[in-house]
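Breakdown of the fold
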Amino acid sequence: MSRRNSYVTIRRRRKAKRSLRIRRLGLILLGVAVAIAVLAYLYRSDLFAWAGAAQEEPAGEEPSSKEPDPEEPPPEQPSQDEDPQLDAPEPDEPPADPQPEPPALKVVADGDYLLALVTKETTLKKDYEPRDLVKIPAYMNPPRDLYLRAEAFAQLEKLWQAAKEDGVTLAVLSAYRSYSYQVGLFNSYAKKHGEAAANRFSARAGQSEHQLGTAIDFGGTKYDFTDAFGETPQGKWLAENAHLFGFAMSYPKRMEHITGYIYEPWHFRYIGVEMAEKWKESGLTLCEFLELQTQYWE
Ligand SMILES: [Zn+2]
């Protein structure tokens, strides 16, 4: 009996303790809620300002982000009205701004400009032809009538003289080539080797430095138009001295990943004495060096 009584008493006490604990917890929660409400009321102006700024910020940027692209119609801008967090990329979502497929070639504004960048990403105009071409004289051993722009030719004569004094005899195998000549040349190579292979050593029309009237293919050896030309006295002399007369080797060894063309130890382009010396000092390929100079596009 007494055992049972004490058991009941213990249960009652426990019950009373539990309800006391629940009441205390309720009071604490109520206190916290009141405190939050008071704080929110006190700092209400700050809260509104913060929330307002978060909403207005992206919308405020919209006008300045719609600058017109000078070359292409502007791609559709994603709406910037929404919360930036909602714009977080989702894995399955297609990119909002797909890249235009082939990048348009930059059109060289003036082929007369000695530093014009002529690469596989640029093109000369179809009708660009230099107006001050000079005929290469017979003593330079041209295989046919060849022409070069006047300033480049004047410097070529000096180069020729200097080479001769060093016992080096050269030949000019190619110089100015018109757009239409290059069309025929590239097509004949493409027919023989396939277009991609041909484009490793021959430029498409509009992309040849020869159209500038300032590029020369040198020869005069039995290794003309081969890698081995670079090891001949002529090739070595040109590699060491051509820049002193304003000529730069456009397509050096192991630089095809940058220039787009195989090693052409015979191909030199006139860019002016001062610039050629700067180019030599820079250690850059010619196209990299010209990219650093001012360029004019159509
Ligand atoms: Zn060439």
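Residues numbered from 1 in each chain as written. Predicted model: local features only at pLDDT ≥ 70, side-chain atom pairs only at ≥ 80, totals over all residues.

1. Things to note about the overall build of the protein
Along the protein, the regular secondary structure elements total nine helices and eight strands. Counting contacts in the protein only where the partners sit at least 6 residues apart, residues at least 24 apart contribute 61% of the total. (Helix = DSSP H or I, 4+ residues; strand = E, 2+ residues; numbered from the N terminus. Contact = placed C-beta atoms within 7 Å.)

2. A short note on the environment of Ile262
Following the sequence through the fold, Ile262 ends up in the loop between helix H7 (256-259) and strand S8 (267-270). You can call Ile262 partly exposed: it has 14 C-beta atoms within 10 Å. Residues Ile262 and Phe201 lie 61 residues apart in sequence; the distance between their C-alpha atoms is 5.8 Å. Those residues in contact with Ile262 that sit more than four places away from it in its chain are Arg200, Phe201, Tyr251 and Glu256. (Buried ≥ 20, exposed ≤ 12 C-beta atoms within 10 Å, placed from the backbone.)

3. What about helix H4 (residues 179-193)?
Here H4 contains 15 residues, and its C-alpha end-to-end distance of 21 Å stays within 8% of the 21 Å for a straight helix at 1.5 Å per residue. Following H4 by one or two positions, Gly194 has its phi on the positive side, about 90°. (Expected span 1.5 Å × (residues − 1).)

4. Side note on the nonpolar core
Counting residues in each nonpolar core, the largest one holds 44 residues, and the members touching the most others are Leu148, Val172, Ile216, Phe218, Phe247, Ala248 and Phe268. Going through the elements one at a time, helix H3 (150-165), strand S5 (171-174), strand S6 (215-219), strand S7 (247-249), S8, helix H8 (273-282) and helix H9 (286-291) are the ones with two or more residues in this core. A per-element tally of this core places H3 first, with five residues. Setting aside residues up to four positions removed in sequence, Phe268 forms contacts with Ala215, Ile216, Phe218, Leu238, Ala242, Phe247, Ala248 and Met249. (Core = buried A, V, L, I, M, F, W, Y, C linked by C-beta atoms within 7 Å.)

5. What about the environment of Tyr270?
Along the polypeptide, Tyr270 turns up in strand S8. Overall, the presence of 28 C-beta atoms within 10 Å leaves Tyr270 in the buried class. Distance from Tyr270 to Phe247, taken between C-alpha atoms, is 4.3 Å for residues 23 residues apart in sequence. Excluding residues within four positions of it along the chain, Tyr270 makes contact with Ala152, Gln155, Thr214, Gly246 and Phe247.

6. Structural notes on the sheet that holds S5
The four strands lie next to each other as S5-S6-S8-S7, forming an open sheet whose pairing is antiparallel. Edge positions in the sheet fall to S5 and S7, since each of these pairs with one other strand and no more. Each strand of the sheet is rotated relative to its neighbour by a mean of 45°, with strand direction disregarded. With three bridges joining them, S5 and S6 adopt antiparallel strand pairing. If you follow Val172 over to S6, its bridge partner there is Phe218. (Pairing = 2+ DSSP bridges. Axes fitted to C-alpha atoms, helices over the stretch in contact; angles between N-to-C directions.)

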